[in-house]
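# Breakdown of the fold
Chain by chain, the residues run as shown.
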Amino acid sequence: MKRTTLILLIVLNILVLLGQLWPDGAPPFARWVNILFLAGSLGYFLQEVRRGPPART
């Protein structure tokens, strides 16, 4: 699940970055991709902060 979430966030990050670098080529749904990426990233980071540091072996 963690790997799938990271892959999804990376793909959305690439779309957001391309939209910033080439705004004329951005699709009409680019605004929603930006919002989903920001919300998804925030949720993931908050989840990781709550989980705390990994256990030492």
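Before reading on, note that the structure itself is shown above.
These figures come from a predicted structure and were not determined experimentally.

### Some remarks on the overall build of the protein chain
Check the secondary structure of the protein chain and you find two helices and zero strands. Computed over C-alpha atoms, the radius of gyration of the protein chain comes to 14 Å, more than 25% over the 10 Å expected from 2.2 N^0.38 for 57 residues, which places it beyond the range of a compact globule. Out of the 57 residues in the protein chain, the part that is buried amounts to 12%. Only carbon and sulfur atoms are counted for the fraction: they give 70% of the accessible area of the protein chain, which is about 5,200 Å².

### A short note on a nonpolar patch on the surface
Where nonpolar side chains cluster on the molecular surface, the patch consists of Leu-6, Ile-10, Ile-14 and Leu-18 and spans about 360 Å² of accessible area. Along the chain, the position of Ile-10 falls in helix α1 (residues 2-21).

### Focus: the packing of aromatic side chains
Counted by the stated rule, this structure contains one aromatic pair. Seen from their ring centres, Tyr-44 and Phe-45 are 6.0 Å apart, and the 65° between their planes marks the pair as edge-to-face. Note on Phe-45: relative accessible area 51%, which makes it exposed.

### Let's talk about the pattern of salt bridges
In the structure shown here, the tally under the stated rule is one salt bridge. Between Glu-48 and Arg-51 there is a salt bridge; the shortest N-O distance is 3.3 Å. Of the two residues, Glu-48 and Arg-51 both sit in helix α2 (residues 30-51), three residues apart, roughly one turn of that helix. Relative accessible area serves as the criterion here: at 21%, Glu-48 is assigned to the partly exposed category. Judged by relative accessible area, which is 49%, Arg-51 ranks as partly exposed.

Criteria and cut-off values
- Residues numbered from 1 in each chain as written.
- Predicted model: local features only at pLDDT ≥ 70, side-chain atom pairs only at ≥ 80, totals over all residues.
- Heavy atoms only, no water.
- Helix = DSSP H or I, 4+ residues; strand = E, 2+ residues; numbered from the N terminus.
- Rg over C-alpha atoms; globule rule 2.2 N^0.38 Å.
- Buried < 20%, exposed > 50% of the residue type's maximum accessible area, 1.4 Å probe, protein only.
- Areas by Shrake-Rupley, 256 points an atom, 1.4 Å probe, with all protein chains shown as cover.
- Patch = residues over 30% accessible without salt bridge, like charges linked within 9 Å, V, L, I, M, F, W, Y side chains within 5 Å.
- Salt bridge = Lys/Arg side-chain N within 4 Å of Asp/Glu carboxyl O.
- Phe/Tyr/Trp six-rings, centres within 6.5 Å; stacked < 30°, edge-to-face > 60°.

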